[in-house]
Amino acid sequence: MNRRRFIRVAGAGTLAGAGAVGLTAAGCGRVRKLLQIDNAPSARVAARGATTKVFSICDNCVNKCGIIAHVARGRIVKLEPNPAFPKSRGMLCAKGNAGVKTLYDPDRLKHPLIRTGERGSGAWRKATWKEALDFTAERLLAIRERYGPQGVLFSSCESFQERFFRSLAQAWGSPNLVRHPSVCLSSSNLAWFITYGTVPEFDLAHADYVIASGANRFESFITPDSVDLSDGLRQRKAKLVYLDPRFTVTASKADEWLPIRPGTDLAFYLALIHVLIEEQLYDRAFVEAYTHGFEELAAHVTRFSPEWAAAETEIPADRIRAIAREFAARAPKAVIYRGRRTSWYQNDTEMRQAMAIANVLVGNWDTPGGVVPNEKLDLGAPEPPEYPWPDAERVDAIAERHPLASAEDGAYIELRDAVLADRPYPVRGWMMFKHNPMHTLPDRRLTEQMFRKMEFVAVIDIQPTDSGWLADVILPESTYLERTDPIEEFSVPYAFAALRQQVVKPQFSTRPCLDIMKGLAARTGLGRYFDFDIDQYIAAQLAPHGIDRSAFEATGVWSNRTARQYGVTRNPEFRFRTPSGKIELANERLRRNGYPPLPEYAPPAQPPGGQFRLLPGKQALFTHAANQNNEWLHELCAENRLWINRAVAESKGIADGDQVRVRSRIGEVKVRAFVTGRIRPDCVHLPHGFGHTTSALRRAFGRGASDQDLIEPRWDRISGNAALHETFVTVERV
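Calculation notes
Residues numbered from 1 in each chain as written. Predicted model: local features only at pLDDT ≥ 70, side-chain atom pairs only at ≥ 80, totals over all residues. Heavy atoms only, no water. Helix = DSSP H or I, 4+ residues; strand = E, 2+ residues; numbered from the N terminus. Polar contact = N/O pair within 3.5 Å; in protein donor to acceptor, adjacent residues only side chain to side chain. Contact = heavy atoms within 4.5 Å. Axes fitted to C-alpha atoms, helices over the stretch in contact; angles between N-to-C directions. Left-handed = near helix turned anticlockwise from the far one by under 90°. Nonpolar A, V, L, I, M, F, W, Y, C, P; charged D, E, K, R; others polar. Core = buried A, V, L, I, M, F, W, Y, C linked by side-chain atoms within 4.5 Å. Buried < 20%, exposed > 50% of the residue type's maximum accessible area, 1.4 Å probe, protein only. Pairing = 2+ DSSP bridges. Phe/Tyr/Trp six-rings, centres within 6.5 Å; stacked < 30°, edge-to-face > 60°. Lys NZ or Arg CZ within 6 Å of the ring centre and 35° of its normal.

Visitor: Mind showing me how you'd approach the side chain of E158 here?
Guide: Summarising the element assignment, E158 is placed in the loop between β6 (152–156) and α7 (162–172). A polar contact of 2.9 Å, which involves the side chain of E158, links it to the side chain of K64. Once residues within four sequence positions are removed from consideration, E158 is found in contact with C61, V62, K64, R179 and K434.

Following this line, the structure appears as structure tokens:
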């Protein structure tokens, strides 16, 4: 593709091509006219009259970059980055630019739908909002009457308005709320929290040395972190050491790529810690003042030498030693970066704990270029009435099975097992918000069985997803460009607040989540929990600071500071939120709950003869399965392909582009092959989010294959987070 053209149109100026390369690297194939279709109508409309500019916030992934929407005659003609937005600054990725095509997608939901045929048949009738809300409330009340409030499951993904959905779940009295992090990053959150007492941020904008394990920022997820990392590599000559079984776009930008054997990252970090301590490269003063358990750690890692790790990781021992020395020499502007999706293996929490420990040893805390605490503005909020305490325990029994995991996130895979088994009680209702478990949960057969076990399912979304197609009622939400959301607080690069405000009126009969929740609450006797509108909610948020929405008029953002204040917590009197009050190297929360306090290593299972480890992954163009029907993004990448090592492919008679059959123990898919020398011969890679089964998404329907038809349901032992890299597959030419 034309790199310069993409960067200009996508507004990713400071990314310097990282994302552009990423578009082609995952087998996207032919790229045609790019995004010039955006500029032409914009120019024509502008010629007929002036456009207005509206500050708002993107919602096409979790990063929430600042945008400026150009509006002419009530229609958005262009989205561009908001340079005054402290987090994203001048960046807006391809997804962000293409948001306008989500708003005007002819396949999006336009009005409430009530199912009239068999579940999943696609037989629906158009309903009014009164009909749809009455129908939903009546069904929910009937389930509560028969099974109790715990008989309804609430599941969601992130959103600025997710708080209202969760508020309804709490008011309803069900303990069964499960969120997307339990199939994404909950193991990482847990590991960093139990070590530092907080889930920290990473100051890549000032880091001089970065180690990353599979955090594929230039190919799978273009974010402000990607920009900071890219700028550091180019402008400050920062060094990037990157571990990944694939030679990704990120690997191509790294100073050193280490094609590590899948499943052995923990061995690498244990050996790195071993060198830091054995050669006394750690920050002795910091360790003595701020940490707990050093002696126990030192004794623990004596057996994890680089020579031992070399046999596990296939990374030479001298390279491990050299990297440990470099890491210590560049500290404290040296960081082991955690990345985002961390649902890899069943030892994921321990691996992330080892990453955190290595950072601690070099004094990496609350300094420029290192691991930094979250900053807060402490916004207000309306005070709701007291929520009822659920009478029943969660069906996933997370308090017993994963006592350190977040009860707010749950353990999704085990929850599904419990629902299917009616253990310990039946769950027959399912409320779902901005969430598509048919694409995010391993083993779609089991997820569909869970749908079919339900007596009632309601889905709130902006498009007809595969999960929505299995529901009884679909309540269409207005897109982020059609609604005003609560003020959102950000902590990177410093604490600031931003407002997502309505850019255009709703194009169809859709509503914001808050209005949907208010409608359901009023019909189920819970209206007292929602006695505010969005304007009143925002006013309550801003009240502690004595400001109103006019503070956001100039740039869409507000803060009472202009830069991060480093070193606030580097005070010997500061008490970290850990049992010891210090940063914990030997972890007391783990010990108290029956786990080893330090990471233990067990060699991963290896693929049997003729099989390969399946490595799923993301593409920067898409957020899970949410954007594949977007006209512009679909044009850039219509389907996924299976990465397979060239020598392996040749031995199997597979040529690039051939249709192959991929089989695991739970299922099989057919997909085209991407034959490449940029992946180890013992694994294959399939990008996530494709294989849509709903014909209502006309572009995405039937294109590519879903990794969830192959991935076996496994989970991390400590957090309960999904373990998505534990599946072996066979591959054959069709």
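Visitor: I tried to follow the packing of helix α14 (residues 306–313) against helix α15 (residues 317–330) on my own but got confused; where do I start?
Guide: What describes two packed helices is the angle between their axes and the distance between those same axes. Close contact between α14 and α15 brings their axes to 8 Å; oriented N to C, the two are set at 115 degrees. In this structure, α14 meets α15 at a crossing whose hand is right-handed. Residues P306, E307, A309, A310 and T313 of α14 lie in contact with α15, whose contacting residues are A317, I320 and R321. For the contact of α14 with α15, the residue count by class is five nonpolar, one polar and two charged.

Visitor: I keep staring at the nonpolar core and nothing clicks. Help me out?
Guide: Nonpolar side chains in soluble globular proteins generally cluster together in the buried interior. Grouped together as the largest cluster of nonpolar side chains are 78 residues, with contacts concentrated most on I211, F268 and L361. Here the element with the most residues in this core is helix α11 (residues 265–278); it accounts for eleven residues. One finds V427, I474, A649 and V675 within the second-largest nonpolar core, a separate group that totals 50 residues.

Visitor: Quick question: what am I supposed to make of the pairing of strand β22 (residues 612–617) here?
Guide: Note on strand geometry: in a regular strand, side chains alternate between the two faces of the sheet. With respect to burial, β22 is a largely interior element, six of its six residues being buried. Two strands pair when backbone bridges link them, and β22 and strand β27 (residues 728–733) are joined in this way by two bridges, in the antiparallel orientation. Its bridge partner lying in β27, R613 is registered against F728. Where β22 lies against strand β26 (residues 683–687), five bridges are found, and the strand directions are parallel. Residue G617 lies in a different strand from β26, and its bridge partner there is P687.

Visitor: Explain the packing of aromatic side chains here, please?
Guide: To describe a pair of aromatic rings, one takes the distance between the centres and the angle between the planes. Within the structure shown, the criterion is met by 30 aromatic pairs. Ring plane angle 10 degrees and centroid distance 4.9 Å describe the contact between F490 and F496, whose orientation is recorded as stacked. Note on accessibility: F490 and F496 belong to one class, buried. Each ring, one from F574 and one from F576, has its centre 4.9 Å from the other, and the planes form 80 degrees; the classification is edge-to-face. With relative accessibility at 34%, the residue F574 sits in the partly exposed group. Cluster of aromatic residues (ring-pair linked, three or more members): W192, Y196, F202, Y337, W365, F574 and F576. We note R75 situated over the ring of Y104; from NZ or CZ to the ring centre the distance is 3.8 Å. A cation over a ring is seen here: R246 above W643, with NZ or CZ 4.5 Å from the ring centre.

Visitor: In this structure, what is going on with the sheet that holds strand β3 (residues 75–81)? I would like to understand it.
Guide: In a beta sheet, neighbouring strands are held together by backbone hydrogen bonds and run either parallel or antiparallel to one another. Taken in spatial order, the three strands of this open sheet run β1-β2-β3, and their pairing is antiparallel. Since the sheet does not close on itself, it has two edges, and those belong to β1 (52–57) and β3, each with one partner. Averaged over all adjacent pairs, the angle separating strand axes in this sheet is 30 degrees, with direction ignored. Where β1 and strand β2 (residues 66–72) come together, six bridges link them in antiparallel fashion. Across the sheet, residue T52 finds its bridge partner in β2, namely V71.

Visitor: Even after reading the chapter, I still don't get unusual backbone geometry, so can you show me in this structure?
Guide: Among all residues save glycine, negative phi is the norm, and among peptide bonds the norm is trans. P424 follows R423 through a cis peptide bond whose omega is 5 degrees. Locating P424 in the fold gives a position in the loop between α18 (412–421) and β15 (429–433). With an omega dihedral of 0 degrees, the bond running from V492 to P493 counts as a cis peptide bond. Locating P493 in the fold gives a position in the loop between β18 (488–490) and β19 (496–498). Residues other than glycine seldom take positive phi values, yet D378 does so here, at roughly 60 degrees. Mapped onto the elements of the fold, D378 is located in the loop between β14 (371–372) and α17 (398–401). Given the relative accessible area of 56%, D378 is considered exposed. Residues other than glycine seldom take positive phi values, yet H624 does so here, at roughly 50 degrees. Its location among the elements puts H624 in the loop between β22 and α24 (631–636). You can call H624 buried: its relative accessible area is 18%.

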